[in-house]
Amino acid sequence: RVRDLVSRSVPTLGVCFGQQVVHSALGGSVVADELTTDLVDADLDADPLFDGVTPTVPALHGDLVTEPGDDVAVIGSAPHAPVFAGRHERAPLWTVQFHPDFRRRHVELVADDWNEPVGDVGWDDCYAHRVLERVGAVATERAGDAAAR
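Just so you know, these numbers come straight off a predicted model, no measurement behind them.

## Remarks on the overall build of the protein
Part 1: Scanning the protein for helices and strands turns up three helices and seven strands.
Part 2: Along the protein, helices (α) and strands (β) appear in the sequence α-β-α-β-β-β-β-β-β-α when read from the amino end.
Part 3: Put simply, the protein has 149 residues, and 44% of those count as buried.
Part 4: Within the protein, counting contacts between residues at least 6 apart in sequence, those at least 24 apart form 69% of the total.
Part 5: Accessible area of the protein: about 7,600 Å², with a carbon and sulfur share of 48%.

Encoded structure:
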């Protein structure tokens, strides 16, 4: 019931499969792709959700959003994913294809599939978890802005 969340301005963060569900429900496109299991350098916009987040983020997925859903602006991309993050134009709704919940200690859980970082990209540069710290504040602010309209 993604459209209900949007119409009621329920603060929402769609992570990985959640991003795919949101965009699909709002008319976007999702396709099967090769499995990505590594740290990637993303191009993240200057959205308040990303304050303190470095572009190095953990990615673990096999499907990708190729076209954003209706009224969702693309606020992040990666070399393998044109829609790596999104923000609804009116509702307090964000999506990310990466995993802000995934940390270095989780690698051993998927060690057989995890790719080692390439070049200078490493866990010491990964602050994706800050998305989880920021989402409450930015959603509250966004919901207040929507109510004021």
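Let us keep going from here.
## Focus on the environment of Asp47
Part 1: Secondary-structure assignment places Asp47 in the loop between strand S3 (43–44) and strand S4 (56–67).
Part 2: Distance from Asp47 to Gly76, taken between C-alpha atoms, is 9.4 Å for residues 29 residues apart in sequence.
Part 3: Apart from residues lying up to four places away in sequence, Asp47 is in contact with Ile75, Arg87 and Trp94.
Part 4: Polar side-chain contacts of Asp47 include one of 3.4 Å to the side chain of Trp94.

Cut-off values and rules
Residues numbered from 1 in each chain as written. Predicted model: local features only at pLDDT ≥ 70, side-chain atom pairs only at ≥ 80, totals over all residues. Heavy atoms only, no water. Helix = DSSP H or I, 4+ residues; strand = E, 2+ residues; numbered from the N terminus. Buried < 20%, exposed > 50% of the residue type's maximum accessible area, 1.4 Å probe, protein only. Contact = heavy atoms within 4.5 Å. Areas by Shrake-Rupley, 256 points an atom, 1.4 Å probe, with all protein chains shown as cover. Polar contact = N/O pair within 3.5 Å; in protein donor to acceptor, adjacent residues only side chain to side chain.

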